[in-house]
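One letter stands for each residue in the lines below.
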Amino acid sequence: MWAPLVGAALVQIDDWDRRAAAWACRHTPVFGSQSDAERWSDDLRDASAALHYVTIAVMPSGQTAGEWLLNKARGTLVQVAAVSATANLNSRLKDISDRRRPNGSDTQSFPSGHTSAAAVHMRLASENMHALDLAPGVTRALDIGFYALTIGTSWSRIEAGYHYPSDTLVGMALGHFLASFVNGAFLGNDAPVQVAFHAADGGGLLSVSVPLR
């Protein structure tokens, strides 16, 4: 989560954020054209969602039919809630920031919805795969693939002219954080989210500890 946030801050130096977006739109070095980049951004986002739901399906959920059904429904609802929360918060941030896109089409540039969607799906998929008894090398390879999908979605949105790098980096951090927070809080991971309240004069302090791998 912290790496993309730091990156989003660093690209503000010397107007690199806008200059990088302009260069990517002009040269489209990966996807070849802005229209192809836009199509790929949709395809990569949809692929991340499909892969996430496949990992939900293969997750072990109990020995008996009743236990399996209850745990599968609980896990699915929690992870769908994380995806929904990400989309809703992303939409609100767009309205608040009112940042015009590089292509000038509207003022919904910040943060990137495609990237936050890919990030939340891929983070949840990673959580699910880490819960399986897989060889370390297999888990590592899957994680690399998940992150590659998120990064590919991010870059395709930049080449398509819809976002600046900072938009996609913040979208990545947003999806990653909400996936970790909701999954850790409600699905009882080995290192669950811990919430504590400490009373103080005139109010109190709420602290949240979130496991971020």
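Remember, it's a predicted structure, so these values are computed and weren't measured experimentally.

**Comments concerning the packing of helix 3 (residues 34-58) against helix 5 (residues 113-130)**
In the contact formed by helix 3 and helix 5, the axes pass within 8 Å of each other and the chain directions differ by 25°. Considering their axes alone, helix 3 and helix 5 lie roughly parallel with respect to each other. Where helix 3 crosses over helix 5, the handedness of that crossing is left-handed. The residues of helix 5 that touch helix 3, namely those facing S41, D42, R45, S48, A49, L51, H52, Y53, T55, I56 and V58, are H114, A117, A118, H121, M122, L124, A125, N128 and M129. Residues that form the contact of helix 3 with helix 5 fall into these classes: eleven nonpolar, seven polar and two charged.

**Focus: the nonpolar core**
Counting residues in each nonpolar core, the largest one holds ten residues, listed as F31, A37, L44, M122, A125, M129, F146, L149, A160 and Y162. Of all the secondary structure elements, the ones that give two or more residues to this core are helix 3, helix 5 and helix 6 (136-159). With three residues, helix 5 is the largest single contributor of residues to this core. Each residue touching F31, except ones within four places of it in the same chain, is listed here: D36, A37, W40, L44, G152, W155, S156 and E159. With seven residues, the next largest nonpolar core counts V78, V83, A179 and V182 among its residues.

**Overview of a nonpolar patch on the surface**
On the surface, a nonpolar cluster with roughly 290 Å² of combined accessible area is contributed by V6, L10 and I13. Structurally, I13 is set in the loop between helix 1 (2-10) and helix 2 (16-27).

**With respect to the packing of helix 5 against helix 6**
Two packed helices can be described by the angle between their axes and the distance between those axes. Where helix 5 contacts helix 6, the two axes come as close as 9 Å, and the packing angle between them is 175°. One way to sum up the angle between helix 5 and helix 6 is to call them roughly antiparallel. Facing helix 5, whose interface residues are H114, T115, A118, A119, M122, R123, A125, S126, M129 and H130, helix 6 presents T139, L142, D143, F146, Y147, L149, T150, T153, S154 and R157. The residue inventory of the contact of helix 5 with helix 6, partitioned by class, reads nine nonpolar, eight polar and three charged.

Quick notes on the rules
- The numbers attached to residues start from 1 for each chain and follow its sequence in the written order.
- Under the rules for a predicted model, residues below a pLDDT of 70 receive no local features and side-chain atom pairs below 80 are neither given nor counted, while totals for whole chains, interfaces and linings still include all residues.
- Heavy atoms throughout the structure, all of them, feed into the side-chain values; hydrogens and water do not.
- The axes used here are C-alpha line fits, helices contributing only the stretch in contact, and every angle between their N-to-C directions lies in the interval 0 to 180 degrees.
- Numbering of helices and strands runs from the N terminus; a helix is a DSSP stretch of H or I covering at least four residues, while a strand is a stretch of E covering at least two.
- Each angle receives one of four descriptions, namely roughly parallel if under 35 degrees, roughly antiparallel if over 145, roughly perpendicular if within 65 to 115, and oblique otherwise.
- Note on convention: near helix rotated counterclockwise from far helix by under a right angle means a left-handed crossing. Clockwise means right-handed.
- Only heavy atoms enter the contact rule, under which two residues are in contact if any of them lie within 4.5 Å.
- Each residue gets one label: Ala, Val, Leu, Ile, Met, Phe, Trp, Tyr, Cys and Pro are nonpolar, Asp, Glu, Lys and Arg are charged, and the others, such as Gly, are polar.
- Nonpolar core, defined: a set of buried Ala, Val, Leu, Ile, Met, Phe, Trp, Tyr and Cys residues in which side-chain atoms within 4.5 Å join the residues together.
- The rule is simple: take the accessible area with a 1.4 Å probe, protein chains only, and divide by the maximum for that residue type; under 20% is buried, over 50% is exposed, in between is partly exposed.
- Candidates for patches are residues over 30% relative accessible area with no salt bridge; among them, like charges are joined within 9 Å and nonpolar side chains (Val, Leu, Ile, Met, Phe, Trp, Tyr) within 5 Å.
- Per-residue and other accessible areas were derived by the Shrake-Rupley procedure at a 1.4 Å probe size, with only the shown protein chains allowed to occlude residues.
- For this analysis, a salt bridge means a side-chain nitrogen from Lys or Arg found within 4 Å of a carboxyl oxygen belonging to Asp or Glu.

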